[in-house]
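Now for the letters of each chain:
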Amino acid sequence: MILSWDPQYGSRIANGIPAETGTTTARFVCYIIFSVISLPFIWLRPHRLQGFFNVTSAITFIFFFALLVWALATMGPDGFGETIDSRPGIAPDGMRVPRNTGWRIVYGVMSTMGSIAAGILNQSDFARLARRPRDAVYGQALAYPVYAIYTSVLGILVVAATQRRFDGEAIWGLPTLFERLLERDPGPDTRAAIFFSGLALVASQLGSSIPGNAMAGGIDLASVFPRYLNIRRGAYITALVSPMVNPWRLVTTATVFLSSAARSSRLKTSTAPTTMASTGTGAA
């Protein structure tokens, strides 16, 4: 969003952060701004977040659909890039993707299970607010497959549709894609499109960061220290210490992001069943 106002924003702020940290001063300022924007939403009680979730989910769904339409409509005669028809090879984390179709399905299932393992462990924090137990079951059973398949297919199509216009480079990160578009055409139309796209991404991140990070951490801290902390205080403490994990390193490049996600997926997949059994989360 800031780049849409000033395409030279990154170069106007002198960078005083070492390169090995994975970020720059300009990007860190953006991180601080987003964190400040998140603070008022953390104040909301968990049972009052349903409307907020509905709005952010709708914005995200519409934005990604519009992004897909734009990518396909502006693809040009060159068609899709190599992403759409590439053969199995080496995954971003260095593991060899199996060539057998059955094992490739298993690989995908395990990666998907790992990516939602953290959400599975946290879902009881919010499912307990449902009017009836089956409401939580139906909501998750219907919503997750739709969004999981929708975002996965859409991501592949958008990357493939934009690959040839960037000399064959597969750009998996939306912020990076928007930066490249601004570099190619910094005109008012592009800047307006980037601004509203950034606004949709902010809504998307708020809709996932608040419940998945701040609220989940607040609930855990409140359960461990009930005498001193409530959910709201715990959520703010979680937000306060969040820079300690250097979250910007995970999204520095698509390779780092996909590698971290893949390795995290295998770790979470192997530990989630044991954790759920020992804590009783599955029964909750």
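Residues numbered from 1 in each chain as written. Predicted model: local features only at pLDDT ≥ 70, side-chain atom pairs only at ≥ 80, totals over all residues. Heavy atoms only, no water.

1. So, helix H4 (residues 50–73)
Stated precisely, the cut-off is as follows: Runs of E in the DSSP output that reach at least two residues are strands. Runs of H or I that reach at least four are helices, and both are numbered from the N terminus. Multiplying one less than the number of residues by 1.5 Å gives the expected span of a helix. Burial status follows relative accessibility: with a 1.4 Å probe on protein chains alone, a residue under 20% of its type maximum counts as buried, one over 50% as exposed, and anything between as partly exposed. Contact between two residues is taken to exist if any of their heavy atoms lie within 4.5 Å; hydrogens are not considered.
Here H4 spans 35 Å end to end across 24 residues, near enough to the 34 Å set by a 1.5 Å rise per residue. By the burial criterion, the buried members of H4 are Phe-52, Thr-56, Thr-60, Phe-63, Phe-64, Leu-67, Leu-68 and Ala-71. If you follow the buried residues of H4, they end up packed against helix H3 (25–42), helix H7 (133–163), helix H8 (174–184) and helix H9 (188–224).

2. Notes on the UniProt feature "transmembrane region" (unreviewed entry) in the protein chain
We apply this condition: UniProt positions are given in the numbering used here, feature names are shortened, and annotations may be inferred rather than shown by experiment.
Those residues carrying the UniProt feature "transmembrane region" (unreviewed entry) are residues 25–44, 51–73, 102–121 and 142–161 in this numbering. Secondary structure over residues 25–44 splits into 90% helix and 0% strand, and the C-alpha atoms at its two ends are 31 Å apart. This span, residues 142–161, is 100% helix and 0% strand, and a straight line between its end C-alpha atoms measures 29 Å.

3. Quick notes on the side chain of Arg-232
What counts here: By the criterion applied in these results, polar contacts are pairs of N or O atoms within 3.5 Å in which, for protein atoms, one can donate a hydrogen and the other can accept it, and in which residues neighboring in sequence qualify only through two side-chain atoms.
Here Arg-232 shows up in helix H10 (residues 231–241). A relative accessible area of 16% means that Arg-232 is categorised as buried. For Arg-232, the side chain forms a polar contact with the main-chain oxygen of Trp-43, separated by 2.9 Å. Those residues within four positions of Arg-232 in sequence are excluded, and the remaining contacts are Trp-43 and Arg-45.

4. Considerations on the pattern of salt bridges
Note the following rule: Throughout this description, the term salt bridge denotes a Lys or Arg side-chain nitrogen within 4 Å of a carboxyl oxygen of Asp or Glu.
Counted by the stated rule, this structure contains two salt bridges. Taking the shortest distance from any N to any O, the salt bridge between Glu-179 and Arg-27 comes out at 3.0 Å. Here the residue Glu-179 occupies a position in helix H8, and Arg-27 occupies one in helix H3, the gap between them amounting to 152 residues. By relative accessible area, Glu-179 is classed as partly exposed at 22%. What makes Arg-27 partly exposed here is its relative accessible area of 47%.

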